[in-house]
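Fold and geometry: a report
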Amino acid sequence: MSTNDPFARLPEAASFTVTSTDVADGAAWSPEQMSAGVPGGKDVSPQLSWSGAPEGTKSYAVTVYDPDAPTGSGLWHWAVADIPATVTELPAGAGDETGPGLPEGAFQLPNDARAARYMGAAPPAGHGPHRYFVVVHALDVESIGVPADTTPALLGFTMTGHILGRAVLTATAENVA
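Not measured: the values here are computed from a predicted model.

Conventions we followed
Residues numbered from 1 in each chain as written. Predicted model: local features only at pLDDT ≥ 70, side-chain atom pairs only at ≥ 80, totals over all residues. Heavy atoms only, no water. Salt bridge = Lys/Arg side-chain N within 4 Å of Asp/Glu carboxyl O. Helix = DSSP H or I, 4+ residues; strand = E, 2+ residues; numbered from the N terminus. Core = buried A, V, L, I, M, F, W, Y, C linked by side-chain atoms within 4.5 Å. Buried < 20%, exposed > 50% of the residue type's maximum accessible area, 1.4 Å probe, protein only. Contact = heavy atoms within 4.5 Å. 1 Å grid on protein atoms, 1.4 Å probe; cavity = no way out; pocket = protein on both sides within 12 Å on 5 of 7 lines; lining within 4 Å. Points joined across faces, edges and corners; volume = space filled by probe spheres on them.

Things to note about the pattern of salt bridges
Tallied over the full model, the rule gives 3 salt bridges. Notably, a salt bridge pairs K42 with E32, separated by 3.9 Å at the nearest N-O pair. Taken together, the positions of K42 in the loop between β2 (17–19) and β3 (48–51) and E32 in the loop between β2 and β3 put the pair 10 residues apart, joining distant regions of the chain.

As for the nonpolar core
Counting 29 residues, the largest nonpolar core has W29, W50, V62, W78, I83, L90 and V136 as the members making the most contacts within it. Elements supplying a minimum of two residues to this core: β3, β4 (59–66), β5 (75–84), β8 (130–139) and β9 (163–173). With near-sequence residues (within four places) excluded, L90 lies in contact with P46, Q47, L48, W50, V62, W78, I83, G101, L102 and P103. Within the second largest apolar cluster, 12 residues are counted, among which are A79, A81, F107 and L109.

Some remarks on the layout of surface pockets
A volume near 420 Å³ is recorded for the largest pocket. Contributing to the lining of the largest pocket are 22 residues, with P6, L10, W76, G156 and F157 lying nearest its centre. Taken together, the elements giving at least two residues each to the lining of the largest pocket come down to β4, β8, α1 (152–159) and β9. No other element matches the 5 residues that α1 contributes to the lining of the largest pocket.

Encoded structure:
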């Protein structure tokens, strides 16, 4: 596992809390959150709840990122933008192709497989453990203003000047097969 800190060069932001009924901070993903390409994997996005966002929050974005992927740039598994400030939870499975649990106005961006949905964890066999940063970003704008077909990296770049707070949960996965 790399020591790569995906927040090291980003502006500091207030911390708030994100939890999940599907994975505890620092624990391994369940098979449901693993890729369908992994035995038992189902590509089901995790349930997420958050609280304590900074005053002035006007919307949220959610991202899932693996900095340990052997790509040189990590791997984006999920990105959701324009979640209204009144929403503080996403149900499990909200990240499928149709986004059934996403609130009105929110949308999914294409992940690094170019699918606008949640893509489960699938670290290469023998590559060691990977970390998956599940982040809820509290933003000072109602809409971040990116097109629905943009990349999660561009979403992150665009959010940089609008982040009031960051809630982080880190899940892990390893493929020993």
